[in-house]
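Results of the structural survey
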Amino acid sequence: MKFQVISDNIDTLVGMRLAGIEGVIAHEPEEVQKALTEAVDDPTIGVVLVTQRLVSLCPDLVYDIKLNQHRLLIVEIPDRHGSGREEDSITRYVREAIGVKL
């Protein structure tokens, strides 16, 4: 099984290539959808790394693949500008998921 990266940043792509992971650059939702569809159709790809900004462009497709594809793992990664998460994102997630305030 191979890894693939879908990034909106050339620096992220170059860094992944140095680690032996090939990938593509995408900036528009259509480009992301095309790259994800190609990854789903390629039986040699097992893990797809997608930058968080690109996941936010087409979240429905990403979550559909995560829920319905048993062979392919999609992992959201931060780009070189950071994670984009709020400071209390984990606490907020727990609170929303189970209704307990930490």
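Quick caveat: nothing in here was measured; it's all calculated off a predicted structure.

Definitions and cut-offs
- Residues numbered from 1 in each chain as written.
- Predicted model: local features only at pLDDT ≥ 70, side-chain atom pairs only at ≥ 80, totals over all residues.
- Heavy atoms only, no water.
- Helix = DSSP H or I, 4+ residues; strand = E, 2+ residues; numbered from the N terminus.
- Buried < 20%, exposed > 50% of the residue type's maximum accessible area, 1.4 Å probe, protein only.
- Contact = heavy atoms within 4.5 Å.
- Areas by Shrake-Rupley, 256 points an atom, 1.4 Å probe, with all protein chains shown as cover.
- Pairing = 2+ DSSP bridges.
- Right-handed = clockwise from strand over helix to strand, strands pointing away.

Section: the overall build of the chain
Along the chain, the regular secondary structure elements total five helices and four strands. Going through the 102 residues of the chain one by one, you find that 34% of them count as buried. Across the chain, contacts joining residues at least 24 apart in sequence account for 65% of those joining residues at least 6 apart. Of the accessible surface of the chain, which amounts to about 6,700 Å², a share of 54% is contributed by carbon and sulfur atoms.

What to know about the environment of V62
Considering the arrangement of structural elements, one finds V62 in helix α4 (residues 59-68). As for V62 and E76, which are separated by 14 residues in sequence, their C-alpha atoms are 9.7 Å apart. Non-local contacts of V62, meaning those with residues more than four positions away in its chain, are made with L36, V55 and I74.

Some thoughts on the pairing of strand β1 (residues 2-7)
In terms of strand pairing, β1 meets strand β3 (residues 45-51) through five bridges, oriented parallel. Along β3, the bridge assignment pairs K2 with I45. Across four bridges, the pairing between β1 and strand β2 (residues 22-25) is parallel. Residue pairing across strands places S7 opposite I25, the latter belonging to β2. Handedness of the β1-helix α1 (residues 10-18)-β2 crossover: right-handed.

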